[in-house]
Amino acid sequence: MGEHARTYERSLADPDGFWLRAAELIDWVDSPSRALDDTNAPFYKWFPDGRLNTCANALDRHVDNGLGERTALIWDSAMVPAKKTFTYRELRDEVARVAGALTTLGVGKGDRVIVYMPMIPEAVMTMLACARIGAVHSVVFGGFAPKELAARIEDARPTVVVAASCGLEPTRVVAYQPILDEALAMSGHQPDHTLMLQRETLRADLGRGYLDWDDVVPGAKPVEPVPVSATDPLYILYTSGTTGKPKGVLRDNGGHAVALAWSMGAVYDIHAGDVFWTVSDVGWVVGHSYIVYAPLLVGATTVVYEGKPVGTPDAGALWRIVQEYGVKTIFTAPTAIRAIKKVDPKAAELAKYDVGSLASLFLAGERLDPETYQWASAALGVPVTDHWWQTETGWPIAANPRGLEPMPTKPGSATVPVPGWDVRVVDAEGRRLEPGQEGEIVIRLPLPPGALQTLWEDDERFVDSYLSRYSGHYHTGDSGYFDEDGYLFVMGRTDDVINVAGHRLSTGAIEAALATHPAVAECAVIGIPDSLKGSVPFGLVVLKAGAAPDHDELRAELIAAVRRDVGPVAAFREAAIVPALPKTRSGKILRRTMRGIADGRDESVPPTIEDASVLDALVPILRDRTLEEPRQHTSR
Ligand code: COA
Ligand code: AMP
């Protein structure tokens, strides 16, 4: 039995002992006497009597251990352009001041802080400052529309919103203040204060109740870390569900710190002093876990990159940074590699740099297609690791556990379940399937430390969304299968969540935006394959009786509606006018069947279909995906 199999078995046979040992990776104010508390199952708690501070573990303890002069954070903006590094001591001092500023603004333990900032060091500092004082941060990705930001403000009810004046995209400067103003105007909740960091590229007009970061933070009195219970919340991160209303994934302090610290060694083989670079955004879970918390918890150096893998300025951007900072491991989404491959198929840019420090590439966020895997492996000559996880899980469920035991790779597979995750593939009735048989991927409870505790102020939705379908199991929403060797192949979502360039989106939210168009009677959105972004949303709209809009205008208006209500990140560009939508007799739109047809699969027609001819009429449109002439106008 190999190291992975042994560790995996131990983690499931004795979770308490296993995670209590892993908890030694963390400095506790009060060490936990036990790991798992199942008294309130399925609301499991980890390290119930432990007390700690996550920020102290990420910063102070390294300074106290004599590593204060080690680089903690490298900021590299290809957009400004600019570069800056912070030692552990410098980062601790900055964070302590931000924490002091937040305290002065009335933020205390348990209060929420919305962080609406691009990829700048101050975003990381604000997150850590919240952790320092026991406040709960909720970071909102810059590519969302005001309505999405408003939904998060309303749900989290922050005491303070911390924002920056702009984000920098290759095609434009994104002014954050108008977006925030609009969001606040829509929200039923108003924060006590809004703190704005002014960026020189575009300064905000602070005459309307905003506080200037420079007036508040530099002079603030640094504060010490506040001990919190391991089970106290660290952050809320909203993610797309099947409805338009985002789900507020709630993460604790203790389980999160233990799981992330453990994963850095076991999965990523990253240790104190290594340089680890996650090419993502702090607005996503990948950014929370592997830009901010995990690298700092283990005393590594994290790279915070503002830019894209291509076009800022070229397809050598990643390789320049590897050379410049001696990056050991890159973690990004397959779409980033596809973007590089498209622009630089022969990897000519790569040849210009010395990337000898690079030991491995990790990819997640969407399925890693074997072609991209092969290209990256050949170009880089280092192990390329596909691994699978979700906002909810917080860290990898399946991976090639490089730090425990590197295993042979099978392209198309995320390799094996990571210790702690009891992964099963089941049929619709919850029966375990044989190797090779595809079904729903579920995880037997309890989930390991680091996984979501519940949804913010919505235990009922937590149970309904994840735990009610298969008793005693967490329903991942992904389908897949195990092969004979126990390798897991993740095939895709079984619900209405889509992944666009590694960004998770709800088709329901896009549909809601399309439905606001006055000519639209009803609509459906599905994810269709895209050679760069993995998948992109495709809208099928049924027009109201009598509506006969110009198609180009309609398309432009639909695109504008999605940008307005969901945001540019939805990358909504394609729609077709269709006579009717295929439905079951109970009225459920057959999105999954349409998705399969668009994917080029031979989908069997569900026996419950109301009218099979409706689906037949859509086959050429789904295969061809062009804005069709309406054959008839249907009002429903
Ligand atoms: N703030 C504001 N707007 C943003 C944004 C942000 N933080 N991030 C993206 N957008 C906008 C983009 O400017 C673009 O707008 P446009 O339609 O006006 O051009 C739109 O949202 C779509 O963005 P994106 O999907 O990122 O496409 P892109 O063409 O700009 O870049 C990639 C494509 C593949 C290079 C890019 O998606 C990428 O690097 N992805 C991989 C890494 C990653 O972040 N993964 C996420 C989770 S691991
Ligand atoms: P997010 O919550 O944004 O991290 O998105 C999670 C979803 O992304 C998962 O449920 C999967 O559908 C998809 N995903 C993430 N990683 C992988 C992977 N390695 N292979 C296949 N799908 C993945």
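Residues numbered from 1 in each chain as written. Chains lettered and ligands numbered in written order. Predicted model: local features only at pLDDT ≥ 70, side-chain atom pairs only at ≥ 80, totals over all residues. Heavy atoms only, no water.

**Re unusual backbone geometry**
- Of note, the bond from Val80 into Pro81 is cis; its omega dihedral lies within 30 degrees of zero at -10°.
- Note that Pro81 resides in the loop between strand E4 (71-77) and strand E5 (82-87).
- The phi dihedral of Ala347 is positive, around 55°, even though this residue is not glycine.
- Along the chain, Ala347 turns up in the loop between helix H12 (334-343) and strand E19 (360-363). (Helix = DSSP H or I, 4+ residues; strand = E, 2+ residues; numbered from the N terminus.)

**Things to note about the packing of helix H3 (residues 54-67) against helix H4 (residues 88-104)**
- It is at 9 Å that the axes of H3 and H4 come closest, and there the two elements cross at 135°. What the angle tells us is that H3 and H4 run oblique. In the crossing of H3 with H4, the sense of the turn from one axis to the other is left-handed. Counted together, Cys55, Ala58, Leu59, Asp60, His62, Val63, Asp64 and Leu67 of H3 and Tyr88, Arg89, Leu91, Arg92 and Val95 of H4 form the full contact between these two elements. (Axes fitted to C-alpha atoms, helices over the stretch in contact; angles between N-to-C directions. Parallel < 35°, antiparallel > 145°, perpendicular 65-115°, else oblique. Left-handed = near helix turned anticlockwise from the far one by under 90°. Contact = heavy atoms within 4.5 Å.)

**Details of the sheet that holds strand E26 (residues 473-482)**
- Strand order in the open sheet made by the 4 strands is E23-E24-E26-E27, with antiparallel pairing throughout. The sheet is open, and its two edges are formed by strand E23 (423-426) and strand E27 (488-493), each paired on a single side. Ignoring which end each strand starts from, the neighbouring axes of this sheet average 50° apart.
- Relative to E27, E26 is paired through 5 bridges, and the arrangement is antiparallel. Within E27, the position partnered with Ser479 by the bridge is Gly492. (Pairing = 2+ DSSP bridges.)

**Quick look at the site of ligand 2**
- As a structural note, the neighbourhood of ligand 2 is formed by 15 residues, with His387, Thr391, Asp478, Arg493 and Arg504 the closest of them.
- The contact in question runs from an oxygen atom of ligand 2 to an N or O atom on the side chain of Arg504, over 2.7 Å.
- Look at ligand 2: alone it shows 490 Å² of surface, and the protein chains cover 95% of it.
- Taken together, the residues of the shell around ligand 2 break down into 4 nonpolar, 5 polar and 6 charged. (Near = heavy atom within 4 Å. Polar contact = N/O pair within 3.5 Å; in protein donor to acceptor, adjacent residues only side chain to side chain. Areas by Shrake-Rupley, 256 points an atom, 1.4 Å probe, with all protein chains shown as cover. Nonpolar A, V, L, I, M, F, W, Y, C, P; charged D, E, K, R; others polar.)

**Here's the deal with the domain arrangement of the chain**
- Once the domains are mapped, the chain shows domain 1 (3-307 + 387-480) and domain 2 (501-624).
- For domain 1 and domain 2, the distance between their C-alpha centroids amounts to 33 Å.
- Domain 1 puts 18 residues into the contact, and the matching count from domain 2 is 13 residues.
- Approximately 1200 Å² of surface area, both sides summed, lies buried where domain 1 meets domain 2, with 47% of it carried by carbon and sulfur atoms.
- Per-residue buried area on domain 1 facing domain 2 is highest for Lys147, Ser240 and Trp284; these three make up 33% of the total on that side. (Domains from an automatic or database assignment. Buried area = accessible area lost by both parts, 1.4 Å probe.)

**Concerning the side chain of Thr476**
- Take Thr476: it is sitting in strand E26.
- Residue classification places Thr476 among the buried positions, given a relative accessible area of 2%.
- Within the local environment of Thr476, its side chain forms a polar contact with the backbone oxygen of Ile441, the two atoms lying 2.6 Å apart.
- Setting aside anything within four residues of it in sequence, one finds Thr476 in contact with Trp388, Gln390, Ile441, Val442, Ile443 and Arg493. (Buried < 20%, exposed > 50% of the residue type's maximum accessible area, 1.4 Å probe, protein only.)

**Side note on the UniProt feature "domain: AMP-dependent synthetase/ligase" (unreviewed entry) in the chain**
- In the numbering adopted here, UniProt assigns the feature "domain: AMP-dependent synthetase/ligase" (unreviewed entry) to residues 67-445.
- Between the end C-alpha atoms of residues 67-445 the distance is 39 Å, and the span holds 30% helix and 25% strand. (UniProt positions renumbered as here; feature names shortened; annotations may be inferred.)

**Some points on the state of the cysteines**
- In the structure shown here, the tally under the stated rule is 0 disulfides.
- Distance from the sulfur of Cys55, which forms no disulfide, to the nearest cysteine sulfur (Cys130) is 10.0 Å. (Disulfide = S-S within 2.5 Å.)

**Here we look at a negative patch on the surface**
- There is a patch of like negative charges on the surface, built from Asp550, Asp552, Glu553 and Glu557.
- Here Glu553 shows up in helix H16 (residues 551-565). (Patch = residues over 30% accessible without salt bridge, like charges linked within 9 Å, V, L, I, M, F, W, Y side chains within 5 Å. Salt bridge = Lys/Arg side-chain N within 4 Å of Asp/Glu carboxyl O. Lys, Arg positive; Asp, Glu negative; His and termini not counted. Charge placed at Lys NZ, Arg CZ, Asp CG, Glu CD.)

**Remarks on the site of ligand 1**
- If you check the shell around ligand 1, you find 25 residues, and the closest are Glu169, Arg172, Pro309, Lys533 and Arg563.
- Within the backbone of Gly142, one N or O atom sits 3.3 Å away from a nitrogen atom of ligand 1.
- Arg573 has a polar side-chain atom sitting 3.1 Å from an oxygen atom of ligand 1.
- When the free accessible area of ligand 1 is taken as 940 Å², the share hidden by the protein chains comes to 85%.
- Listed by contribution, the elements that provide at least two residues to the shell around ligand 1 are strand E10 (172-175) and H12.
- Of the residues contributing to the shell around ligand 1, the split by class is 11 nonpolar, 7 polar and 7 charged.
- When residues of the shell around ligand 1 are assigned to domains, at least three fall in each of domain 1 (3-307 + 387-480) and domain 2 (501-624).

**Things to note about the packing of aromatic side chains**
- The final tally for this structure, using the stated rule, is 25 aromatic pairs.
- When the ring of Trp395 is compared with that of Trp421, the centres are 5.3 Å apart and the planes differ by 55°; the resulting orientation is tilted. With Trp395 in the loop between strand E20 (384-386) and strand E21 (398-399) and Trp421 in the loop between strand E22 (416-417) and E23, this pair connects stretches of sequence that are 26 residues apart. An identical accessibility class is assigned to Trp395 and Trp421; each is buried.
- The cationic tip of Arg152 hangs over the ring face of Phe144; the distance from NZ or CZ to the ring centre is 4.5 Å.
- Its guanidinium or amino end placed over the ring of Tyr487, Lys410 lies 4.6 Å from that ring's centre, counting from NZ or CZ. (Phe/Tyr/Trp six-rings, centres within 6.5 Å; stacked < 30°, edge-to-face > 60°. Lys NZ or Arg CZ within 6 Å of the ring centre and 35° of its normal.)

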